[in-house]
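Given next are the chains, with one letter for each unit.
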Amino acid sequence: MAPVPEMFDVSDAFDVPEVFDVLVKDARLLVVDGEREIPGGWVAVRDGRVAAVGAPGSEPAAREVISAAGRLVTPGLINTHHHIYQNLTRSYGPAVNGSLFSWLTTLYPLWAALDEEAVYVSTYVGMAELLMGGCTTSMDHLYVHPRPYLVDAGIHAAKDIGFRFHATRGSMTRSVEDGGLPPSSVTQTEDEVLADSERVIAAHHDRAPGALVRVALAPCSPFSVTKELMTATAELAERHDVRLHTHLAEDPDEDTYCLETYGCRPVEYFEDTGWLTDRSWVAHCIHPNDAELARLAAAGVGVAHCPSSNMLIGGGTARVREMRELGLPVGLGCDGSASTDHASLWMETRGALLLGRYRGGPAAMTARDALDIATRGSAQCLGRADELGHLRPGACADLVIWDLHEVALAGAYSDPVEAWLRCGPARAWTTMVGGRVLVDRGEPVLAGLTDALRTHGRIARSMQGLAEKAGVTTR
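Draft legend 1. Quick look at the side chain of Asn87. Structurally, the position occupied by Asn87 is in the loop between β8 (77-79) and α1 (100-111). Taking the relative accessible area as the measure of exposure, Asn87 reaches 5% and is therefore buried. Within the structure, the side chain of Asn87 is placed 2.7 Å from the side chain of His456, a separation counted as a polar contact. Among residues more than four places away in sequence, those in contact with Asn87 are Ser122, Gly126, Ser337 and His456.

Draft legend 2. Quick look at the sheet that holds strand β18 (residues 436-440). Reading across the sheet, the 7 strands line up as β3-β2-β7-β16-β17-β18-β19 and stay open at both edges, with mixed pairing between neighbours. Two strands bound the open sheet, and with one partner strand each, they are β3 (37-39) and β19 (443-444). Summarising the sheet, strand β16 (residues 399-403) and strand β17 (residues 427-433) pair through 5 bridges and their orientation is antiparallel. Bridging across to β17, Trp402 finds its partner in Ala428.

Draft legend 3. Expanded view of the nonpolar core. Residues Trp111, Leu114, Tyr143 and Trp420 are the most contacted members of the largest nonpolar core, which totals 114 residues. Sorting elements by how many residues they give to this core places helix α2 (residues 116-132) first, with 9 residues. Not counting residues within four places of it along the chain, the set of residues in contact with Trp111 comprises Tyr85, Gln86, Thr89, Trp103, Leu104, Tyr143, Val144, Pro146, Val186, Ala338 and Met463. Counting 20 residues, the second-largest nonpolar core is a separate cluster that includes Val24, Val45, Val53 and Leu399.

Draft legend 4. The arrangement of the environment of Ser185 in detail. Take Ser185: it is sitting in the loop between β10 (164-171) and α4 (190-204). Relative accessible area serves as the criterion here: at 39%, Ser185 is assigned to the partly exposed category. Between the C-alpha atoms of Ser185 and Ile459, which are 274 residues apart in sequence, the distance is 19 Å. Discounting residues that sit within four places of it in the chain, Ser185 has contacts with Ala112 and Pro146.

Draft legend 5. Representation of helix α6 (residues 252-262). Turning to α6, its buried residues number three or more, namely Glu254, Asp255, Tyr257, Cys258 and Tyr262. Down the axis, α6 shows its buried residues gathered within 165° of arc, on one side only. Its buried side turned inward, α6 meets α1, α5 (227-240), β12 (243-248) and α7 (266-272). N-cap assignment for α6: the residue whose side-chain oxygen lies 2.8 Å from the backbone N of Asp253 is Asp251. Downstream of α6 by one or two residues, Gly263 has phi in the positive range, about 75°.

Draft legend 6. Focus on the pairing of β10. Of all 8 residues in β10, 8 are buried; the element is thus mostly enclosed. Judged by which residues are buried, β10 turns out to be covered on both faces: Arg164, His166, Thr168 and Gly170 on one side and Phe165, Ala167, Arg169 and Ser171 on the other are all buried. In terms of strand pairing, strand β9 (residues 135-142) meets β10 through 6 bridges, oriented parallel. Bridge pairing in β10 links Thr137 to Arg164. What joins β9 to β10 is helix α3 (residues 150-161), and the crossover it makes is right-handed. Looking at chain direction, β10 and strand β11 (residues 213-219) are connected through 7 bridges and run parallel. Residue Ala167 lies in a different strand from β11, and its bridge partner there is Val215. The parallel pair β10 and β11 is bridged by α4, and the resulting crossover is right-handed.

Draft legend 7. Spotlight on the pairing of β9. A large share of β9 lies buried, amounting to 8 of its 8 residues. The pairing of β8 with β9 spans 3 bridges and is parallel. The residue bridging Asn79 from the neighbouring strand is Ser138, located in β9.

Draft legend 8. Focus on unusual backbone geometry. Geometrically, the link from Gly424 to Pro425 is a cis peptide bond, its omega value of 5° lying close to zero. Along the chain, Pro425 falls in the loop between α14 (416-422) and β17. At Ser91, a position not held by glycine, the phi torsion is positive, near 50°. Mapped onto the elements of the fold, Ser91 is located in the loop between β8 and α1. The class of Ser91 is partly exposed, set by a relative accessible area of 48%. Of note, the phi angle at Arg441 is positive, near 55°, even though the residue is not glycine.

Draft legend 9. Expanded view of the packing of aromatic side chains. What the rule picks out here adds up to 11 aromatic pairs. Pairing Phe223 with Tyr257 gives two aromatic rings, centres 6.2 Å apart and planes at 80°, and the pair type is edge-to-face. Note that Phe223 is positioned in the loop between β11 and α5 and Tyr257 in helix α6, a separation of 34 residues in sequence. The burial state of Phe223 is the same as that of Tyr257; both residues are buried. One aromatic cluster is present, formed by Tyr85, Trp103, Tyr108, Trp111 and Tyr143 through successive ring pairs. A cation sits over an aromatic face here: Arg71 above Trp429, 4.3 Å from the ring centre.

Draft legend 10. Structural view of the sheet that holds strand β1 (residues 19-25). Sheet architecture is open: 4 strands sit in the order β5-β4-β1-β6, paired in mixed fashion. Of all the strands in the sheet, just β5 (49-54) and β6 (61-67) have a single pairing partner and so form its edges. For this sheet the average axis-to-axis angle between neighbouring strands, irrespective of direction, equals 25°. Pairing geometry for β1 and β6, over 6 bridges, is parallel. Across the sheet, Lys25 pairs through a bridge with Ser67, a residue of β6.

Definitions and limits used
- Residues numbered from 1 in each chain as written.
- Predicted model: local features only at pLDDT ≥ 70, side-chain atom pairs only at ≥ 80, totals over all residues.
- Heavy atoms only, no water.
- Helix = DSSP H or I, 4+ residues; strand = E, 2+ residues; numbered from the N terminus.
- Buried < 20%, exposed > 50% of the residue type's maximum accessible area, 1.4 Å probe, protein only.
- Polar contact = N/O pair within 3.5 Å; in protein donor to acceptor, adjacent residues only side chain to side chain.
- Contact = heavy atoms within 4.5 Å.
- Pairing = 2+ DSSP bridges.
- Core = buried A, V, L, I, M, F, W, Y, C linked by side-chain atoms within 4.5 Å.
- Arc of directions from axis to C-beta.
- Right-handed = clockwise from strand over helix to strand, strands pointing away.
- Phe/Tyr/Trp six-rings, centres within 6.5 Å; stacked < 30°, edge-to-face > 60°.
- Lys NZ or Arg CZ within 6 Å of the ring centre and 35° of its normal.
- Axes fitted to C-alpha atoms, helices over the stretch in contact; angles between N-to-C directions.

Any functional reading would require information that these geometric values do not contain.
In structure tokens form, the structure reads like this:
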């Protein structure tokens, strides 16, 4: 395990290195974490880590200097729930206005065409979009496996970009023939799932501090896998010390399904299968009752709140304020690119602000609360609160310089964090992951993006049954 380099904070230290790798300076406001903000602040980076932060006038020397030019600087946003491959079927007409279950059954047959090339280009394009929305770390819940090595293809894309990625080895074993929703073309046997889960962990899970790639195990949902697989996956995660993820309590139909199939509600089923642990974080969690919410909180289960997806599908939204008051880790997720149809964590953070205030009144959620959910809360869900979601010395150097057009900001002088979400739209001017700039002046710095978009367009049209259009370009 590589040691974490010694860190310095100029405000506290005496022996400061003469030259850092990168210096980000001239911020209007630097948000270090939920407790510390520095007007005019700067961040110094060394070896991919935040080495120092400080106030204007104390800037150290650096080999590369990046001016924030009076913009807001925050930790990178963290996406805790996504299905990136779904950007191949965005806004698919026959599915968009149905319930959750009808949406799934319409799209499953299309997703049966996924192969390694499709997953690679959809992941590459999806990560470019995430970076443009200020996201520096994302998980991906890939649970459709019509062919082998699909998780590997997504990890390959992340490594080519240099994106911080928590890949999950998802699974579905209960096909429509077995009383589930998906067709058999996208399901696997329990033995296939467990064997490949072990393989993916051995091949790709990096336990080192600052790792760019980690792996979690993620059966899709109570209605798409067997109870035996849920239990065996929890045992496998315990044995290999990896995290667990699934959908839970997303839709009232899930309550009915679990009662009819297992004789209990979803949270009780979750506990019966060994998942009620701080190793787990779940997507949506809209419909637990008060007692169930308290049980999840006591166990330390995290929740990925997905505002846009929940509103578009019309199935309700998580009780975020109550969850946070109970002590549940709550992060943000943009969810699938065929349900939300975008991958902007800025939009999700703004959505969390609006929904929180809509549900609980103006005191229920501030812009800083929403930012904290998108950063430190999300890092807790992924088990990385020590090094992600903040810019304290020692953290991974994942940060965003935000840009709003001067017209949108006209008159917004008193509070740059509130203006960041209330005004808008905001975009990432600079996105840095591990000290590397991956978005510069609002544009992705990705050599393979043009080719990936071209291939993505070909595959998406084919998957949706559309002919290739001559003379149409994607950029």
